[in-house]
Amino acid sequence: MTKTLNLALQGGGAHGAFTWGALDRLLEDRDIEYEAVTATSAGAMNGAMMVTGLMHGGREAAKELLAEFWHKIVERSAGPASPFAMFALPPDPATMAGYYEYSPSYVFGEWLTRTFSPYQLNPLNINPLRDLLNELIDFEDVCASRGPQLFVNATSVRHGRPKVFSGDEITVDAILASACLPYLFQAVEIDGEPYWDGGYVGNPAIYPLIYDAKCRDVLIVHINPIERPDTPRTAGEIANRINEISFNASLMREMRAIDFVQRLIDDGVIGKDKWKRMRVHSIRDDATMAAFSVATKITPDRAVIKELFEAGRRTADGWIGAHKDKIGKTDSVNIKSDFL
């Protein structure tokens, strides 16, 4: 029996390869179909590749396009390959993270981007992702209503509010806006309004699925770990944890609102005919993602991408085996204990 899901894809730079792995596995299950995708930053790129592929040639085409996107990200990335990629060293995430955190290039890059703005460092506003996205994404298909509907999340710089692009609003600029980290790129202007990375106010935004999708099941693919067992003590660890908390904050707020509405419905305080009771699911591997760090988010090294892809596939496979039968029936997470 076919089951329908909506997807919510977090952003997180190169860590989006985890989502690639999860989608690669999900697309193999022909019992699951998708009505809508809400996504931010790298999640928006993954979502656009998935929708384009599904429209062009179905599941296999979507898998192939996602793979092509990430392989080209690796091929076009600046800087030398790490020892992990060159010598096929054991892919231990913590060791990888430590290598990048203390590498001279990363330390210098951090100083540079904290000292000078992208308007000074990149006055011509060159973004290598623009050509790649235009090359691989068919925006006519992405904007069409015949496939999964895509919602792309960005942050309004002037107003500090979420902006959700959908339908024919989705252009290469909308996706670049969703992934615009303000210390790396100039704000992306669309119709005179500047936008930054959507992760600040919607990573990803869930409300488009509540208002604009019929399906009540939403599967969140997490990139940023919600929990860490230890207190950060070094400057790098503190900065890394602040990044994770910041990019999870909007999702946590929406989960609190969803939990509140669900309890009102379950207790009979409000009617099911007036409010939609969402069923929440989650593909999440905090242990693996916590072993990586913010340094690897901006490091599309072949070894890092490969490890994240395999972790995403493995986690999605576990979720399918344990929770697929809950789609359309009940949550597969406890919102209060897992999020609140």
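As a starting point, this report considers the structure included with it. (Residues numbered from 1 in each chain as written. Predicted model: local features only at pLDDT ≥ 70, side-chain atom pairs only at ≥ 80, totals over all residues. Heavy atoms only, no water.)

**A look at the nonpolar core**
Grouped together as the largest cluster of nonpolar side chains are 74 residues, with contacts concentrated most on L7, L26, F69, L133, I175 and I283. With 15 residues, helix 2 (residues 42–76) is the largest single contributor of residues to this core. Core analysis: the next-biggest nonpolar cluster, separate from the first, contains 19 residues, A205, V218, M255 and F339 among them. (Core = buried A, V, L, I, M, F, W, Y, C linked by side-chain atoms within 4.5 Å. Buried < 20%, exposed > 50% of the residue type's maximum accessible area, 1.4 Å probe, protein only. Helix = DSSP H or I, 4+ residues; strand = E, 2+ residues; numbered from the N terminus.)

**Some details on a nonpolar patch on the surface**
Side chains of F108, W111, F116 and L121 sit close together on the surface and give an oily, nonpolar patch of about 410 Å² of accessible area. Mapped onto the elements of the fold, W111 is located in helix 5 (residues 104–115). (Patch = residues over 30% accessible without salt bridge, like charges linked within 9 Å, V, L, I, M, F, W, Y side chains within 5 Å. Areas by Shrake-Rupley, 256 points an atom, 1.4 Å probe, with all protein chains shown as cover. Salt bridge = Lys/Arg side-chain N within 4 Å of Asp/Glu carboxyl O.)

**Topic: the pairing of strand 1 (residues 3–9)**
Where burial is concerned, most of strand 1 is hidden: six out of the seven residues are buried. Here seven bridges tie strand 1 to strand 2 (residues 32–40), and the two strands are oriented parallel to one another. Following the sheet pairing, K3 is matched in strand 2 by I32. As defined by bridge partners, strand 1 adjoins strand 7 (residues 217–221) across four bridges and the pair is classed as parallel. Of the residues in strand 7, the one forming a bridge with L7 is L219. (Pairing = 2+ DSSP bridges.)

**Concerning helix 11 (residues 235–266)**
Here helix 11 is 32 residues long and its end C-alpha atoms lie 45 Å apart, about the 46 Å a rise of 1.5 Å per residue gives. At A249, helix 11 shows its strongest bend, of approximately 40°. The positive-phi residue at the C-terminal boundary of helix 11 is G268, with phi of around 80°. (Expected span 1.5 Å × (residues − 1). Bend = angle between axes of the 7 residues up to and from the residue.)

**A word on helix 4 (residues 93–101)**
Of all the positions in helix 4, only P93, M96, A97 and Y100 are classed as buried. End-on view of helix 4: buried residues confined to an arc of 100°, all on one side of the axis. (Arc of directions from axis to C-beta.)

**Observations concerning the side chain of T315**
Tracing the backbone through its elements, the reader meets T315 in helix 14 (residues 302–323). Its relative accessible area of 16% is what places T315 among the buried residues. With near-sequence residues (within four places) excluded, T315 lies in contact with F18, I283, R284 and D285. (Contact = heavy atoms within 4.5 Å.)

**A few points about the packing of helix 1 (residues 16–26) against helix 14**
It is the contact of helix 1 with helix 14, at a shortest axis distance of 6 Å, that shows an interaxial angle of 45°. Taken together, the axis directions place helix 1 and helix 14 in an arrangement best described as oblique. For the pair helix 1 and helix 14, the crossing hand works out as right-handed. Contacts between helix 1 and helix 14 involve A17, F18, W20, G21, A22, D24, R25 and L26 from the former and I305, L308, F309, A311, G312, R313, T315, A316, D317, W319 and I320 from the latter. Here the residues of the contact of helix 1 with helix 14 are counted per class, giving 12 nonpolar, three polar and four charged. (Axes fitted to C-alpha atoms, helices over the stretch in contact; angles between N-to-C directions. Parallel < 35°, antiparallel > 145°, perpendicular 65-115°, else oblique. Left-handed = near helix turned anticlockwise from the far one by under 90°. Nonpolar A, V, L, I, M, F, W, Y, C, P; charged D, E, K, R; others polar.)

**Overview of the packing of aromatic side chains**
Evaluated as defined, the whole model comprises nine aromatic pairs. An aromatic cluster of at least three residues, connected via ring pairs, comprises W20, F69, W70 and F309. One residue, R114, lies across the ring of Y183, its end atom 4.3 Å from the ring centre. (Phe/Tyr/Trp six-rings, centres within 6.5 Å; stacked < 30°, edge-to-face > 60°. Lys NZ or Arg CZ within 6 Å of the ring centre and 35° of its normal.)

**Overview of the pattern of salt bridges**
Evaluated as defined, the whole model comprises 24 salt bridges. A salt bridge links K324 to D29; the nearest nitrogen and oxygen atoms lie 3.0 Å apart. A residue pair is termed long-range when its members are at least 10 positions apart, and K324 in the loop between helix 14 and helix 15 (335–339) and D29 in the loop between helix 1 and strand 2 qualify at 295 residues. In this pair, the class of K324 matches that of D29, namely buried. The salt bridge involving E310 is made with K306; its shortest N-O contact spans 2.8 Å. With a gap of four residues between them, E310 and K306 both fall in helix 14, about one helical turn apart. Classification of E310 by relative accessible area gives partly exposed; the value is 34%. Here the salt bridges share partners, and the residues they tie into one network are D24, R25, E28, K63, R313 and D317.

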